[in-house]
Amino acid sequence: MTSSRSCKNLILLIYLSISLQLQVASSLSSPSPITSNTDAAMLSSTLTPKIITISETIWRKAASNHSQRIRHLLQPGLTPLEHNFNSGKSKRRRQHYVDDWTALDPVNPIYNFLIEYYGLKGAKGPRRLARWAPDPKLLWEEHCNEASSTILSSSSVEKEQAYKAAMKASHGLGGVLLENASIDDLGGTLHMRGGVPVPIMVEEGNPQEDTEQQLHGVLYNPAVFYNRHLPLNSNNDEQDKERKQQLLKTIAPFQWYTSILKQTLNSDPILHCYGLHEWAMQYHPEGADPPPSAKYQSSLNLRVSRQVINDTVERKGVRCTHVDALRFFAPAAGPLNHHGASLQRMDQLRLEQKGCVHAHMDLLKIGLKLQGFIDSELMVDILEVALAARKLDVEASPYDATEYGAGIVPIETNEGRKVYRERQIGLMQRAESVRQRLLDAYEVFMKIAFDESLLLGSDEFVGGRGKRTPSVVDDNVVTSKSNTGDGPYVAPERLAMAEPGGLPWRKNLIEKS
């Protein structure tokens, strides 16, 4: 108990120390620092600082329901506690988290994509999905009244001390306050990312000491997380330029994913690909080198012969629009792809389309980028669609996954292709509303988190189909144009090639090839 209390106190002290340093930095760098709600409101003409309090009873019930829904979806893919993947779990349980989450099974073909594609490894992967956070849309004025009748506490701002402490912790930006949430909740029940502890203050403005009830609660607001209270313009031009470039770099991946979502929603579906990317990975004509991806799903037996695989791929070629899939093709299958034997990452903005099963799976990757600042119900719906897409992907493959509860969609036959198309259409229709909700979540998040002046021009990244320009953005890169501070950041993997049997994006940059 003593060790646990010390750990909690340490976390709180670290947060308060960092918070104080940020306040000092703000006061030093700003000629007119934010000191009131009115000043904070000047950050945005459409966003007024407010504290929205969700009562403990309500948010804990919502968090519990979310965790239960996630467990229901993941249960078939979770390993038993005694599995060697969970060998260190008993020790970790004594140290911090007290739950019964276990690792996903890396050989389960329906669930292992969560590990291989999206990095949800070990027990921390499922636990990450099970954490809850409030929807930041509550802070967006046009949506606030709509939600107030269902989850807002009737005593939102009645407790003056809690209100003042929350405004102080948020630098005057406000946020959604989870009543009585504790340090122990962060990283367990609640997302650590974005969670701001709101300490109980005494009259002098210092945190109370030697008390178990140290917090009013935990507050979430993406504007606080991304330091929107700090000014973009100060007396230090070099510092301003550096900070603006860093913010543009931070915003870039969110703009990239917004572009992908818009492109996919506006696309025409391709309904004759029949999931042949999995077959192209196993394609091995006579005289060709063995396909590097033959080891993929190595725990499964092929349900058809190598000749049937070759004949199916050669029948009418492959019509795969998903740029991430091409790298896993057998080299001999590349020329058979109607969309190109090599593709650039930028081609995703031209090719991504709403009929693609892997595009539905990637909704999870896009949603994970917002975790801590996305409606938790939406995240469950995204996971549900991603798992349904994966199941169709596996069932239409040349592998036999029946021992894992998968059926067989024999796309090597006319009847099988008909079944695949029907299910593809049903999945596409199911994913459409989820994709639109995710796009809405991204747009609201960016408007709350970042100054409007930084977002100007973001729509230029989303053009018509086949009318793309190289001016696209993502994380970790500065192009020669963006080095001047006049243009968007472009990640190096956006300027990279995908080739059958080739290197990962980051290791196959165009300027190095």
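Heads up: the structure comes first, above all this text.
Before going into details, it helps to say that this report is about the structure given with it. (Residues numbered from 1 in each chain as written. Predicted model: local features only at pLDDT ≥ 70, side-chain atom pairs only at ≥ 80, totals over all residues. Heavy atoms only, no water.)

**Some details on the pairing of strand β3 (residues 195-199)**
Counting buried positions along β3 gives 5 out of 5 residues, so the element sits mostly inside the fold. In β3, alternate side chains face the same way, and those of Gly-195, Pro-197 and Pro-199 on one face and Val-196 and Val-198 on the other are all buried. (Buried < 20%, exposed > 50% of the residue type's maximum accessible area, 1.4 Å probe, protein only. Helix = DSSP H or I, 4+ residues; strand = E, 2+ residues; numbered from the N terminus.)

**Describing the pattern of salt bridges**
As a working rule, side chains carrying opposite charge can pair if their charged atoms are close by. Summed over the entire model, instances satisfying the criterion amount to 15 salt bridges. Where Asp-324 meets Arg-345, a salt bridge forms, and the shortest distance between an N and an O atom there is 2.8 Å. In this pair, Asp-324 is assigned in helix α13 (residues 323-326) and Arg-345 in the loop between β6 (343-344) and α14 (348-351), connecting sequence segments 21 residues apart. On the basis of relative accessibility, which here comes to 7%, the residue Arg-345 falls in the buried class. One salt bridge connects Asp-362 with Lys-365, and the closest N-O pair in it is separated by 3.8 Å. Of the two residues, Asp-362 and Lys-365 both sit in helix α15 (residues 357-368), 3 residues apart, roughly one turn of that helix. Exposure remark for Lys-365: the relative accessible area of 25% places this residue in the partly exposed category. Through salt bridges that share partners, Glu-56, Arg-60 and Asp-185 make up one connected network. (Salt bridge = Lys/Arg side-chain N within 4 Å of Asp/Glu carboxyl O.)

**Regarding the sheet that holds strand β2 (residues 174-179)**
Spatial ordering of the open sheet is given by β1-β2-β4-β3, a layout of 4 strands whose pairing is mixed. Each edge of the sheet is formed by a strand with only one pairing partner; in this case those strands are β1 (50-54) and β3. Going across the sheet, the axis of each strand differs from the next one's by a mean of 30°, ignoring polarity. Pairing geometry for β1 and β2, over 5 bridges, is parallel. Along β2, the bridge assignment pairs Ile-54 with Leu-178. (Pairing = 2+ DSSP bridges. Axes fitted to C-alpha atoms, helices over the stretch in contact; angles between N-to-C directions.)

**Here we look at the layout of surface pockets**
Its boundaries defined by the atoms lining it, the largest pocket holds a volume of some 920 Å³. Residue lining of the largest pocket: 34 residues in total, with Tyr-117, Asp-324, Arg-345, Lys-365 and Trp-505 positioned closest to the centre. Taken together, the elements giving at least two residues each to the lining of the largest pocket come down to α10 (237-265), α11 (277-281), α13 and α15. Counting residues per element, the lining of the largest pocket draws most heavily on α15, which supplies 5 residues. Its residues placed into classes, the lining of the largest pocket shows 14 nonpolar, 5 polar and 15 charged. (1 Å grid on protein atoms, 1.4 Å probe; cavity = no way out; pocket = protein on both sides within 12 Å on 5 of 7 lines; lining within 4 Å. Points joined across faces, edges and corners; volume = space filled by probe spheres on them. Nonpolar A, V, L, I, M, F, W, Y, C, P; charged D, E, K, R; others polar.)

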